[in-house]
Amino acid sequence: MRFTRLRRLITAVGVFVIIAFAASSACDAWRTYDQTVAATDRELSNLARALAEQGARSLQTVDVVLRDTARWYSDVGHNSRTERIEGALSNRAAGLPQVHLLAITDADGIQRYSSKAPMTPLDVSDRSYFIAQLSGTDNGFFVSEPLVSRSDGHSTFVVSRRLTDGKGIFAGIVTAAIDINDLQQFYGAFDLGKGSAINVLREDGTLVVRHPPAEGPIGRKFPELARAPAAHGIVVNTVDGQPRYAAGAQMRDLPLVVTVTREQTLALQSWRSEAISLAVRTLVGVLLVMLAIAALLHQLRRAEAGETALRESEERYALAMEGANEGHWDWDLASDRLFMSPKMKVLAGLNADTPLATRAELMAYSNLHPDDVPRLHAAVDDHIDGKTQLFELEYRVRHADGEWHWVLTRGRALRDAKGSAYRFVGSAIDVTARKRAEDDKERLEAQLRQSQKMEAMGTLAGGIAHDFNNILGAILGYGELAQKHSAEGSATRRYLDNVMHAASRAKLLVERILGFSRSGLSQRAPVNIQSIVEETLELLAASLPPRVRLERRLDCGNAAVVGDPTQLQQVAMNLFTNALQAMERGGILRVVLDRVEVGNRRPLTQGFLIPGSYVRLLVSDMGAGIEPATLERMFDPFFTTKGVGEGTGLGLSVVHGIVADLGGAIEVTTEMGQGTTFSVWLPRSAEGAPPLGDIAGDLPRGRGESVMVIDDERALVALAEEILAELGYEPAGFQSSVAALQAFRADPQRFDVVLTDETMPDIAGTELAREINRLNPGTPILLMSGYAGKQLADRARAAGVTEVLRKPLVIRDIAEALTRVLLARKRAPQEA
């Protein structure tokens, strides 16, 4: 700080000296300029007055002759003979060398007599001098503009006096023509130097004579030059267009002005030379002052550098350890004295100004995680004993905000010649963000592995379910037909009922597998989730064990979730069933349904939440809880903790598949001996009223419509033909899609409806539908599939499929689907 103030003082003094020196030089230059201008003005003024006085004397002599000639002519001469008058004029002109011609003009403007006889009378009535005297009221002295003499062609200007008779009436004028060249030669005798000029002007600014000579401007008006006697200074509108200093003087008692001018550049030439010399001297002086300041600052900097080097040598250790926002510490092992930087105290969970003197105080004040204390002591002891080359450890410390922070500390012990540690130094940094990022990464990687595993198993399960659907379709179809044709109460009917019951269970199992693999067809629409949960709870209430009590709180109102009602009911039923099975000794089953707004991205046990509005279903039990090993695998397909024959292992897998497919997430919290809570989060879409119940009626029947049936399974084709015939349709079965297409191409109008499987070896069902629509647009097409999803639905819609049915099909599914598409086809022409 001291050196800074001294530097500023030296710099300020130096700048002041430079400014003062420059200001003094500028003042000298300005004063010299004023003096040069004043001297030029004074010189030009003196010259103008002297020349004006001399010119006045010369012209006053001419005026005296004019006055005398006018008086003589008025008194005597006008009665004299011509020879006498011209002789008198010649004698008078002989004494005036500047007068080129002396003449008398009568009242009509005819020049009658002149000093150069003989002459021819000339008409000068149009000349300015005659007009001026004719219109004048007294015998004024008039000077004309420069003009060319009509008698001999000389460049002259004319001075004149008025002639009157005895009664004072205008009788003519007497004139004296002065040769301009002679007058220029007269002024040429004065040497004013280069760039100077003498100008004789009339009072109106008309240039009469100029030296140096200038033929063009003679006779032009320069009013600025004529005003020079009143306002000395620079005149821009000069004869040669150059800015000039000008000074003028009025000729005594005459209407003429003499103006002396000098070019500005020449007038200031001496001042410029002096100003340049002064600027050079000033610049040299400023440079010398700057060099002196630089030398002083350099010496001052050397002194400061020496002091700074001394201070830095004392602080280098602390600065090196403080780098990168790390805390540092220095522990003297012999005295137990401990130094900790403020940052290190903050990392240890203390205030930056907490007084600490020994390591014992540090261990007493800091709040280390109990699990990390033994590791910390062991690592310190091992390094001091020389068992480790470097000391490095990560441990947790609770800060004032109550949060646990991870701290990474590194250090090394300084040892004497015997290898004994006498000093322990090191640094530390907060790595909480890195640890959290690592934990998040591990959790996301685990979720990704789980998702990939379940996707692979789901694909496998879905494929198996598809193949099983074809077998199950034949069992269900033929079983229904056999039931219809068997007598009530017979042994055969009883056997068939048992077969159909087992087949229905198998169908339910397939639907669960397809739900897990998300390969089944589902109709997505806004579903009132509260009505689904209420309906499921009503079904569950009838079968509650005696020692289980149900507590419910359903606060969703008309909140809707976009999904399939059957799938949503399956999610609720699986969670409720698992909760009941977990409470073998009884307890309370709590079910909560509410709305929750999520503001930030939040990871859960399965999936994560993004900001938005959600419906949350909480299912809590009072069971034994879930062990960590089971918690990790509980969503795996076919994983179960139940005995053989007691569970399929698909319940939670199906829940996970449906929830993930709907864009939701699942959170599981459990405590051994206390119970488990499953929280299912589903995105809320809008409001939706509870659905109305459907009433099953008789099977709709056909009226002999022709139905084309295509399936690569012979048994399913035969079954479909029998069912269609039973329902009143005319079936035409094909086991090959190629053969079916050829039959349709041969007679497109023959078939009213097409019922086709999707997966076939030659042509897939969607491709077959596209060809049929091209041959006969508007033909109703029903597509059957046991392993499909949204991609198939989109593909089928693009191919022109009217409706997609999920296998295995029962008779009602086929009957209702055929009725819907046939009615829609009949209404289409009417609406068009």
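For the protein, the count of helices and strands is 21 helices and 32 strands. Taken over 832 residues, the protein has a buried fraction of 44%. Restricting the contact set of the protein to residue pairs at least 6 apart, pairs at least 24 apart contribute 62%. Looking at the protein as shown, the accessible area adds up to about 43,700 Å², and 54% of this sits on carbon and sulfur atoms.

In total, this model carries 33 salt bridges according to the counting rule given. Residue Glu263 is joined to Arg244 by a salt bridge in which the shortest nitrogen-to-oxygen separation is 3.6 Å. With a gap of 19 residues between them, Glu263 in strand S12 (residues 256–263) and Arg244 in strand S11 (residues 244–250) connect regions that are remote in the sequence. Of the residues examined, Arg244 reaches a relative accessible area of 4% and is grouped as buried. Between Glu551 and Arg549 there is a salt bridge, with its nearest N and O atoms 2.9 Å apart.

As a further point, take the packing of aromatic side chains. Within the structure shown, the criterion is met by eight aromatic pairs. Here the aromatic rings of Tyr33 and Trp271 are separated by 5.1 Å at their centres, their planes lie at 70 degrees, and the arrangement is edge-to-face. With Tyr33 in helix H1 (residues 2–75) and Trp271 in helix H7 (residues 269–322), this residue pair connects regions lying 238 residues apart in the sequence. Pairwise contacts between aromatic rings join Trp30, Tyr33 and Trp271 into one cluster. Above the ring of Trp406, the side-chain terminus of Lys435 is found at 4.4 Å from the ring centroid. The lysine or arginine in question, Arg601, covers the ring of Phe608, its NZ or CZ lying 3.9 Å from the ring centre.

Right, let's talk about the packing of helix H19 (residues 765–775) against helix H20 (residues 790–799) for a bit. Direction vectors running N to C along H19 and H20 enclose 15 degrees, while the axes themselves pass 8 Å from each other. The angle between H19 and H20 places the two elements in the roughly parallel class. In this structure, H19 meets H20 at a crossing whose hand is right-handed. Across the interface between the two elements, Thr766, Ala769, Arg770 and Asn773 from H19 touch Leu792, Arg795, Ala796, Ala798 and Ala799 from H20. When grouped by side-chain class, the residues that make up the contact of H19 with H20 number five nonpolar, two polar and two charged.

Attention now moves to the sheet that holds strand S20 (residues 559–563). Read from one edge of the open sheet, three strands run S18-S20-S27, paired in antiparallel fashion. Only two strands of the sheet have a single neighbouring strand rather than two, namely strand S18 (525–528) and strand S27 (686–687). Where S18 meets S20, four bridges bridge the pair, whose relative direction is antiparallel. Paired with Val527 across the two strands is Val561, which belongs to S20. Relative to the sheet, helix H13 (residues 529–541) contacts S18 and S20, its axis offset from that of S18 by approximately 50 degrees.

Running from N to C, H13 and helix H14 (residues 565–582) point in directions that differ by 45 degrees, and their axes come no closer than 9 Å. The angle between H13 and H14 places the two elements in the oblique class. Along this stretch, H13 crosses H14, giving a crossing that reads as right-handed. Judged by residue contacts, Ile529, Ile532, Val533, Glu535, Thr536, Leu537, Leu539 and Leu540 of H13 engage Pro565, Leu568, Gln569, Ala572, Met573, Phe576 and Leu580 from H14. Class assignment for the residues of the contact of H13 with H14 results in twelve nonpolar, two polar and one charged.

Here we come to the nonpolar core. Inside soluble globular proteins, nonpolar side chains tend to come together where they are buried. Grouped together as the largest cluster of nonpolar side chains are 48 residues, with contacts concentrated most on Phe157, Val159, Tyr187 and Met251. Looking at which element gives the most residues to this core, the answer is H1, with twelve residues. Not counting the four nearest positions on each side in its chain, Tyr187 is found in contact with Leu51, Gly55, Ile198, Val200, Val209, His211, Met251 and Val258. Membership of the second largest hydrophobic core comes to 39 residues, among which are Ile529, Ala579, Ile658 and Phe678.

Positionally, Trp30 belongs in helix H1. On the accessibility criterion, Trp30 (56% relative accessible area) is exposed.

This next bit is on H14. In this model H14 runs 26 Å from its N-terminal to its C-terminal C-alpha over 18 residues, within 8% of the 26 Å that 1.5 Å per residue would give. Within the span of H14, buried status applies to Gln567, Leu568, Gln569, Gln570, Val571, Ala572, Asn574, Leu575, Phe576, Ala579 and Leu580.

Right, let's get into unusual backbone geometry. Following His211, the chain continues to Pro212 via a peptide bond in cis, the omega torsion being 5 degrees. With respect to the element layout, Pro212 can be found in the loop between strand S9 (207–211) and helix H5 (223–226). Despite not being glycine, Asp336 has its phi angle at roughly 65 degrees, a positive value. Note on placement: Asp336 falls in the loop between strand S13 (327–332) and strand S14 (338–340).

With that out of the way, let us pick up a nonpolar patch on the surface. There is a patch of nonpolar side chains on the surface, built from Leu6, Leu9, Val13, Phe16 and Val17 and spanning about 460 Å² of accessible area. Considering the arrangement of structural elements, one finds Leu9 in helix H1.

On to helix H17 (residues 714–726), then. With 13 residues, H17 extends 19 Å between its outermost C-alpha atoms, agreeing within 8% with the 18 Å of an ideal straight helix rising 1.5 Å per residue. Of all the positions in H17, only Leu716, Val717, Leu719, Ala720, Ile723 and Leu724 are classed as buried. Down the axis of H17, the buried set is contained in an arc of 165 degrees. They therefore lie on one face. Gly728, located one to two residues past H17, shows a positive phi value of around 95 degrees.

Within strand S26 (residues 675–683), eight of the nine residues are buried, which leaves it mostly tucked inside the rest of the structure. Across seven bridges, the pairing between strand S24 (residues 612–620) and S26 is antiparallel. If you follow Val615 over to S26, its bridge partner there is Leu682. Summarising the sheet, strand S25 (residues 665–671) and S26 pair through seven bridges and their orientation is antiparallel. Bridging from a neighbouring strand, Thr670 pairs with Thr676 of S26. In this structure, the hairpin formed by S25 and S26 is closed by a connection of three residues, where Gly673 is found at a positive phi of approximately 85 degrees.

With parallel pairing, five strands are arranged side by side in an open sheet as S29-S28-S30-S31-S32. Single-partner strands in this sheet number two, and they are strand S29 (730–734) and strand S32 (803–806). Put simply, the sheet's adjacent strands are angled 20 degrees from each other on average, direction ignored. Inspection of the sheet shows strand S28 (residues 706–710) paired to strand S30 (residues 753–757) by four bridges, in the parallel sense. Its bridge partner lying in S30, Val707 is registered against Val753. On top of the sheet, H17 reaches S28 and S29; it is set at about 175 degrees to S29, its chief contact. The strands that helix H18 (residues 737–746) touches are S28, S29 and S30; relative to S28, the one it contacts most, it runs at about 155 degrees.

Moving on: the environment of Asp372. Within the secondary structure layout, Asp372 lies in the loop between helix H9 (359–365) and helix H10 (373–384). With a relative accessible area of 3%, Asp372 lands in the buried category. With 23 residues separating them along the chain, Asp372 and Tyr395 place their C-alpha atoms 5.7 Å apart. Dropping the residues within four chain positions of it, Asp372 is found in contact with Tyr395 and Arg396.

Conventions we followed
Along each chain, residue indices are assigned from 1 in the same order as the chain's sequence is written. Predicted model: local features are reported for residues with pLDDT of at least 70 only, side-chain atom pairs are reported and counted for 80 or more only, and whole-chain, interface and lining totals are derived from all residues. Heavy atoms throughout the structure, all of them, feed into the side-chain values; hydrogens and water do not. For helices the rule is a DSSP run of H or I covering at least 4 residues; for strands it is a run of E covering at least 2, with both sets numbered from the N terminus onward. For every residue, the accessible area (1.4 Å probe, protein chains only) is compared with the maximum for its type, and the residue is labelled buried under 20%, exposed over 50%, or partly exposed between those bounds. By the convention used here, residues are in contact when the closest approach between their heavy atoms is within 4.5 Å. Computed with a 1.4 Å probe, the accessible areas rest on the Shrake-Rupley method; for each residue, only the protein chains presented here act as cover. Any Lys or Arg side-chain nitrogen located within 4 Å of an Asp or Glu carboxyl oxygen qualifies as a salt bridge. Centre distance within 6.5 Å is the pairing criterion for rings of Phe, Tyr and Trp, where only the six-membered ring of Trp is used; planes under 30 degrees apart are then read as stacked, over 60 as edge-to-face, and the remainder as tilted. Lysine NZ or arginine CZ positioned within 6 Å of the ring centre and within 35 degrees of the ring normal marks a charge as sitting over the ring. The angle between two axes is taken between their N-to-C directions and runs from 0 to 180 degrees, where each axis is a line fitted to C-alpha atoms and a helix contributes only its stretch in contact. In what follows, roughly perpendicular refers to angles from 65 to 115 degrees, roughly parallel to angles under 35, roughly antiparallel to angles over 145, and oblique to any angle outside these ranges. Handedness of a crossing follows from how the near helix is turned relative to the far one, being left-handed for an anticlockwise turn of less than a right angle and right-handed for a clockwise one. Amino acid classes used here: Ala, Val, Leu, Ile, Met, Phe, Trp, Tyr, Cys and Pro are nonpolar; Asp, Glu, Lys and Arg are charged; the rest, including Gly, are polar. At least two DSSP bridges between two strands are required for those strands to pair. By convention a nonpolar core is built from buried Ala, Val, Leu, Ile, Met, Phe, Trp, Tyr and Cys residues, the set being connected through side-chain atoms within 4.5 Å. Helix span, expected: 1.5 Å multiplied by one less than the number of residues in the helix. Two joining distances apply to patches: 9 Å for like charges and 5 Å for nonpolar side chains (Val, Leu, Ile, Met, Phe, Trp, Tyr), and every residue must have over 30% relative accessible area and no salt bridge. The directions considered for the arc run from the helix axis to the C-beta atoms.

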